[in-house]
Amino acid sequence: MGGTHFICLIFFLSGAAALIFETLWFRQAGLVFGNSVWAASLVLASFMGGLALGNGLAARLGERTQRPLRLYVRLELGIAVTGVLLVVGLPHLSSLLVPLFRAAEPAPWLLNGLRLGFAFALLLFPTTAMGATLPLLVRTLATVEPAFGSVLGRLYGWNTLGAVAGVAAAELLLIQALGVRLTGVVAAGANLLAAGLAWGMTRHATVSWASAPPPNPIPTNHPPTRRSQSARNLCSVWPWLAAAFLCGALLLSAEVIWTRLMLLFVYGTHAAFAAILCVVLSGIAFGGLLGGTWLRHQTTAFRHAASVAAGCGIAIVLSYRWLDLGIARYSATAPQQFLAALPLTIAIALATSLGSGLLFTLIGAALQHVVRGDARPVGLLTFANTVGGMCGALAGGFLLLPRLGMERGLFLLACGYGVVALLLLLRPTTVANVAPSDVRSDVAPSAITPSAARSPSAARSSAADVAPSAGWRRWAPLGAFAIVLVAFPFGRMEQHYLHYPIGGYLARGFQVAAVHEGLTETALYLREDLYGVPYRYQLVTNSHPMSSTEPAARRYMKLYVYLPAALHPQLERALLISYGVGSTAKALTDTRALRSIDVVDISRDILDLGRIPYATGGFPLDDPRVRVHIEDGRQFLLTTTNRYDLITAEPPPPKNAGITNLYSQEYFQLLHDRLAAGGMVTYWLPVSQLHPTESHSIIRGFCNVFADCSLWHGSNLEWMLFGTRGAHGPVAAEHFTAQWHDPAVASELRALGMERPEQLGALFIADAAQLATWTATTPPLTDNFPYRITAVPAPFFSILPLYRPWADADSARDRFAASSLIAALWPGELRTASLPYFAWQGMLLEHLVPSTNHSAVLRDLDALLTASPLRTTALWLLQSNADTIRIIRAIAPHTPPDTIIAQQLGIGALIDGDFGASADHFIQAQQLAPQLDLRFLDPYITYARSRATP
């Protein structure tokens, strides 16, 4: 392998290591500084600021380095050592930094300032070293390669391809197999291998890789005045540096918007984020390689940079317009999210990314024609581009998305590429007599640097070479760009793309109540009316339905409060992490014993939109006992000094990217530590979205922290983990049953199928002893092994049979009767009285999927109506609920009868024991729609008539 190829291999390894480290640093920094949008953005700014500093130092000092490859070796060694130290050490800094963060919490500006300062200081050395590597290797390779542009494009391309490999390896393989810390060791190994190969090249016998001669001074017989030198220097360089800055800003802003756009169609797992990042990096890499090849054959190809910039703008518009081509090839049910998301991400981002990589290389080649040296132009180029990228990433998230939205944001970015093209077309075209210390003379042959002197084509470079091509061809690409821009498909987002994540809801009659593109998500509130009366609201963030006000959803979210309120003898202080649609918050504010309620959510937009379901009043956040904190839940637990009697949480689903650290063992330990003595934790376990081994992993981590852990039903396959900090009892039966006598709570308990206090006990699934048996062979979910929760989807109908044995009613009843936890907490008389209710709870799981076996439904219905006091449970067996019956009965006297009204009136009458009226309503339902096959009502008519007969 030739020396040039070795250099490319070295930089490939360096790029892979850099992106692995970047992935790990961001993950670990989130554990220390939080994952709020502000904290994550400040860490990003610190990372890119360090890269820019390295670029700037290389631009200023790189030409003085006589042995650039040896300096590169030292930098790679430094990156390897400090990179691993950061991966291992960052989580342990919490104990040192938390006291400072706690002191600064009342002043957000001070808290964010501390985050920025510490993040920048911690990332300073490795990121600065990373930023300096490209200029040093360009200078090294320029000693033997005559074409500067080719060298730049090749190194930039291979380094970015290494970054692609690093992202894919880390996110899809290494972290899952080795954990975070050992993945950091692998990254360090790649740095060490790169350093070793580079050191070996310094010992090469035939080519002097170890040193590079300094650039020749540029003689001048009539030096211009200092003011003239400065003006001409700036005149020659600034358009190219401005273009580099804008290109970095535009691409990083576009990546922010592309990612949000992708999330309308792709479930936001770590694999999906890896797909968009790999596509963007691949485009940049191949663009750089293409630019290097072009410049090797035509050293003045940079004259076409304006055309490439216009092409990037055109690509943004066309990729948005023809996004359907990628959507059609995406499969949400594919077993591998990364591969499934690739067609969509390619359609969104590849063309513009390819153009950006090409544009970077062309601008670098143009700078080398006017800026003295090899390291200096690359350092200036990467400095400007990196600073632009830092500004663009922040602007995309904090300005474009919340102020303009995705569609208008993309339009503005397309216009930005037009500005770059115009800037390059109108730049000054002469560079003669510029300052010899900074800028090359393109007139005197003696002014050519050593690398250029070896290139006959570069030696013939003149002022005309730097100028863009003349004539109509010069303006044709900008004209094409203007035509495409005028045809930008405004309205396509609202009329087309936003319908993808909510199409199923719209088909069922939902209406869009609100759409908000905020800092952290695209939130859509949907409303379903029943005969003009609001029935339920559904919150959809990006492409995922997050929370609903329908009875089944309210049931499990409010049980997070109802269960501890029954068991805790003196519930006064509560903490809610993640607001959703406010059902849990409403249960908290309905609990009169509570004196203080803290609500923590990462999104202010979700909290503001939360008023929508409470248009008629009762918005939980208006309660004077509530204090709202816009913060990452984990960071809040780290910084607060409060202790709570109840902590309850329903964070986003654990398969969402970045959410596993809200289900890890370390996070559960934070919950435990913020509990007061005897305090209780209730936590969402969405087994409907998890494979059993993933549920085992979460449960194992929870039980490692809470010795008295237990698992409970919520609603359907939305279950609940319950743990305490040394709670003991039992409480008095009067306290346990008090909620059923509270007017603010009792009606909701009945509407949600909790009609009797004894039903709470029937929600029990298993305590610590049984959970230890179930999870004995499964390691816990930890911060070091976050991908024990995979990105692989868990189809509901395939996992439902796997969970049925867990919830077998007879087995759960026996475990309840024998449980030491239940004996310690439950009033004795209610413990015995709860046992018969397990049979009724088992019916709900049996009929979780609507059944066509109406004989089985009637059998269970008859048992409920004749042997139990439960009526809401009977409604649910008939696929109805108290909300529906209430609305139908309210509108029926004023609404022309139809099949749905008649059928629901029949169900309501049946549950109330008015069997004759029930049969009449069912018959009317059949008569009102003779075209429909409603023969399934016949058994219910027969049953109602038989019960109506004396």
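Above this note sits the structure.
All values derive from a computational prediction rather than experimental measurement. (Residues numbered from 1 in each chain as written. Predicted model: local features only at pLDDT ≥ 70, side-chain atom pairs only at ≥ 80, totals over all residues. Heavy atoms only, no water.)

Per the secondary structure count, the chain includes 39 helices and 12 strands. Sorting the 950 residues of the chain into buried and exposed places 61% on the buried side. Residue pairs in contact within the chain that sit at least 24 positions apart in sequence constitute 78% of those at least 6 positions apart. Surface summary for the chain: the accessible area is close to 35,400 Å², and the carbon and sulfur share equals 61%. (Helix = DSSP H or I, 4+ residues; strand = E, 2+ residues; numbered from the N terminus. Buried < 20%, exposed > 50% of the residue type's maximum accessible area, 1.4 Å probe, protein only. Contact = heavy atoms within 4.5 Å. Areas by Shrake-Rupley, 256 points an atom, 1.4 Å probe, with all protein chains shown as cover.)

With that settled, consider the state of the cysteines. Within this structure, the stated rule accounts for one disulfide. Each sulfur of the disulfide joining Cys703 and Cys709 lies 2.1 Å from the other. Its S-S torsion of approximately 100 degrees makes the covalent link between Cys703 and Cys709 right-handed. Residue classification places Cys703 among the buried residues on the basis of a relative accessible area of 10%. (Disulfide = S-S within 2.5 Å.)

This paragraph deals with a nonpolar patch on the surface. A cluster of nonpolar residues, Leu53, Leu57, Leu61, Phe120 and Leu124, forms a patch on the protein surface that exposes about 360 Å² of accessible area. It is helix H2 (residues 37-61) that contributes the most residues to the nonpolar patch, three residues altogether. With respect to the helices, strands and loops of the structure, Leu57 is situated in helix H2. Residue class for Leu57 comes out partly exposed when judged on its relative accessible area of 40%. (Patch = residues over 30% accessible without salt bridge, like charges linked within 9 Å, V, L, I, M, F, W, Y side chains within 5 Å. Salt bridge = Lys/Arg side-chain N within 4 Å of Asp/Glu carboxyl O.)

Turning next to the sheet that holds strand E2 (residues 522-530). With antiparallel pairing, four strands are arranged side by side in an open sheet as E1-E2-E3-E4. Only two strands of the sheet have a single partner each, and these edge strands are strand E1 (511-517) and strand E4 (544-548). Strand after strand, the sheet turns through a mean of 25 degrees between neighbouring axes, direction not considered. Strand direction decides the pairing type here: E2 and strand E3 (residues 533-541), joined by eight bridges, are antiparallel. Bridging across to E3, Leu530 finds its partner in Val533. Of the strands in this sheet, E2 and E3 are in contact with helix H36 (residues 882-891), which crosses E3 at around 140 degrees. (Pairing = 2+ DSSP bridges. Axes fitted to C-alpha atoms, helices over the stretch in contact; angles between N-to-C directions.)

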